[in-house]
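Architecture and fold: a report
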Amino acid sequence: MLLDAFHALLDVWVLIAALCGVAIGIVIGAIPGLGPTLAIALLIPVTFTLSPIPAIILLLGVYQGAIFGGSISAILLNVPGTPSSAATALDGHPMARQGRAGEALRIALYASVFGNVFSCLVLILLAQPLASLALDFGPAQMTALMTFALAIIVLFGGGSILDAALMTLVGVAAGIVGLDPIEGLPRFTFGSFAAEDGLALIPVLIGLFAMSEVLLQAFAGRQQGPAERGIDAVSSQTSSPRAVGWLSLWKMRVTLLISSAIGTFVGILPGIGSTVPAFVSYGFARSRSRHGARFGHGEPEGVAAPEAANNAVTGGALVPMLALGIPGDAVTAVILGAFMLQGLTPGPFLFQQHGVEVYAIFEALILLSIPCILLGLAMFRGAVHVIRIQPRHLFPIIAMLAIFGAFSVNNSLFDVAVMLGAGVVGFVLRRAGFPLPPLLIGLILGPPLEQSLRQALLTSSGSATIFVHSPIVMGLVVVTLLCVLGAAYQRYRAARRERAA
Amino acid sequence: MSVEPPSPTAHGTSRHGLQTLICSAILGLAACGLLTLQAQVTVFDFGDPGPDARFFPRLVLWLLILVAALRLWRHRRTPDSALGAAAGWARALAAMLLVAAAIAAMNTLGFIVSVAAVGIVLAWLLGERRLRFSVLLPLVVALAIAWVARHGLHLPLP
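Residues numbered from 1 in each chain as written. Chains lettered and ligands numbered in written order. Predicted model: local features only at pLDDT ≥ 70, side-chain atom pairs only at ≥ 80, totals over all residues. Heavy atoms only, no water.

1. Observations concerning the overall build of chain A
Convention followed: Helix and strand assignments come from DSSP, with helices taken as H or I runs of at least 4 residues and strands as E runs of at least 2, each series counted from the N terminus. Each residue gets one of three labels from its accessible area relative to the maximum for its type: buried under 20%, exposed over 50%, partly exposed in between, using a 1.4 Å probe on protein chains only. The criterion used for residue contact is that any of the two residues' heavy atoms lie within 4.5 Å. For accessible areas, the Shrake-Rupley method is used with a probe of radius 1.4 Å. Any residue's cover is judged against the shown protein chains and nothing else. For the purpose of counting charges, residues Lys and Arg are taken to be positive, whereas Asp and Glu are taken to be negative. His and the chain ends are not included. Positions of charges follow a simple convention, taking NZ of Lys, CZ of Arg, CG of Asp or CD of Glu.
Within chain A one finds 23 helices and two strands. Overall size of chain A, expressed as C-alpha extent along the three principal axes, is 70 × 55 × 45 Å. Residue burial in chain A is summarised as follows: out of 501 residues, 61% are buried. Counting only contacts in chain A whose residues sit at least 6 apart along the sequence, the fraction spanning at least 24 positions is 79%. Roughly 18000 Å² of accessible area belongs to chain A as shown, and the carbon and sulfur atoms make up 67% of that amount. Of the charged side chains in chain A, 24 are positive and 22 negative, and the gap between their average positions amounts to 18 Å.

See the structure below:
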């Protein structure tokens, strides 16, 4: 299987997709405000004419490139390109201010690649056995699993639990529109034939993450771009003569390993994202370092730890997405949409039906590290110019691409209207500070949750005892309850600490 | 460049602001959904055991009402984020109407004209006044998208 998968990678389109994906990812990640989610959502239409392997590699290349690209503006400007790069800025920017921008960027790059390779190896080891285990799951078990995933997103997604619960339920409710999954009866379609297919995922994604950003920019009006704030002082040091040798990386090996393990493990849990592991691993590296006092003042390990962790999330988040069809965060939800468009439906059957494609993607994820290093090193100086792009030049183009992207899914103007509607909803919710990832994951998991729940109840003639008689269901219920208790304890401790302070 | 989600203190606070408004709207919509469930979901009962097509929507809408009401009650004394400047809302509304108009006119005017118009007006709304960036750049991008769509992706654009 692995050899067949490797043969499938020996295609010029795979190489082009990998190079383009990583380059686009680094550029977009470097621009503050444009994350991998927006980039992947806008690039999905480009993959329609590609075969599944290059199409997915293009998007995963963007994912990897963007996570690293976020560290460029974090180090040079102290403006994280992606939220997960905020921890990188803590030591990366002081290093840049000391004239060590080149060294900081190289450490960030090598740590990113390390975290990525580590998590991909874990992905290869875990995904297939987990999928095989899930093959034994019936509707009752799938219901419990999806309820567990939604509970984790609500409890540990960060921010207010009530807000996350509200957004998850809004997403699940939006998934009701269209034909019902068991009897095929129209629900809340208001007589519209086009609405019977439900809200198409890709237009909703583009609306929530691209159009809402455009509307937020329109709300903010003319803004000062980073270039106007003066980046020349540190940008000229990107090609600093201080190269990062293997010895300095070897000295950080334990930090890199622990941070990658934290990132991978947290990535596997749904809903937490890459910001939390970046800060956790930063704190952990500081606590066990002999130079703890230097953290925050330009310590290289303070750059390596969060970068290894937030890149390790990439492979970790793909484990539940590929094996169980459960996206861990907004980016994997978008990638899940791309998989489905290519006819590769994530879940337990993916490995049986498309084993070669899946293993080719796994191998490509590891091999993507090569273009990531080459392009990363080559693009340090170029990225400085990219950061100078003004919002007033960028966002009209994003709006145009969003319209095209939504239209291209089904050649339907209805989808463009759905995209605009999702954009307006996303804009208003983001203005109010409500989190969007729970909404998106609720929208994705809502229909399969309903299908599993109703199938389970149909097979038991409407009796809920089907959930009690399954040890797997009871196990998942116990784990869910433990998570609820854990979250309650965590909140209680935080409140007590706040009162004490 | 990014526009961070506002915290209650970042854009001023008010007794009842955007969060209260959104929560109330969700509560109202969920209640409407529940009231119109019978009309919106026609069920043909053949005496099958188990839940029908209204079961899941009813469950979700009740949960939505419960959580929205709980949030409104829990945050009844918390300062809410203010609505924000009227000029900002006017610009955002203009951008929404612009894209809506482009969608409505796309079959008549064609993809290139509609999308280029969106780019040009948006650039102007965002404060760009130089012709090469406010007119030429959106026009070139619209032409490039159309060219790639027709010749690269073989998509029939309006």
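2. A closer look at the UniProt feature "transmembrane region" (unreviewed entry) in chain B
All names here are of chain B. What counts here: UniProt positions are given in the numbering used here, feature names are shortened, and annotations may be inferred rather than shown by experiment.
Using the residue numbers shown here, the UniProt feature "transmembrane region" (unreviewed entry) corresponds to residues 21-43, 55-73, 82-103, 109-126 and 133-153. A helix fraction of 83% and a strand fraction of 0% characterise residues 21-43, whose end C-alpha atoms lie 34 Å from each other. Here residues 82-103 runs as 82% helix and 0% strand, with 31 Å between its end C-alpha atoms.

3. Focus: the interface of chain A and chain B
Often, the extent of an interface is quoted as the loss of accessible area upon association of its parts. Operational definition: Buried area, as used here, totals the accessible surface that two parts lose on assembly, with accessibility defined by a 1.4 Å probe and the loss added over both. A carboxyl oxygen of Asp or Glu within 4 Å of a side-chain nitrogen of Lys or Arg is what we treat as a salt bridge. Here a polar contact is taken to be a pair of N or O atoms separated by no more than 3.5 Å, where protein atoms must pair a possible hydrogen donor with a possible acceptor and residues adjacent in sequence count only if both atoms sit in side chains. Each residue is assigned to one class: nonpolar for Ala, Val, Leu, Ile, Met, Phe, Trp, Tyr, Cys and Pro, charged for Asp, Glu, Lys and Arg, and polar for all the others, Gly among them.
Listed as interface residues are 77 residues of chain A and, on the opposing side, 77 residues of chain B. Taking both partners together, chain A and chain B bury about 6400 Å²; carbon and sulfur atoms supply 78% of that area. The largest contributions to the chain A side of the interface with chain B come from Phe188(A), Met400(A) and Arg431(A), which together make up 11% of the buried area. Scanning the region where chain A abuts chain B turns up two salt bridges. The partner of Arg71(B) in a salt bridge is Asp163(A), and the shortest N-O contact between them spans 2.3 Å. Between chain A and chain B we count eight residue pairs in polar contact (both at pLDDT 80 or more) in total. When residues of the side of chain A that touches chain B are traced back to their parent elements, those giving at least two are α8 (161-174), β2 (186-187), α9 (201-220), α19 (391-410), α20 (413-431) and α21 (437-459) of chain A. For the side of chain A that touches chain B, the leading source of residues is α19(A), giving 14 residues. By residue class, the composition of the side of chain A that touches chain B is 51 nonpolar, 14 polar and twelve charged.

4. Focus: the domain arrangement of chain B
Where we set the bar: How far each domain reaches was decided by an automatic or database domain assignment.
What the domain assignment reports for chain B is domain 1 (13-81) and domain 2 (86-152). Between the C-alpha centres of domain 1 of chain B and domain 2 of chain B the distance comes to 36 Å.

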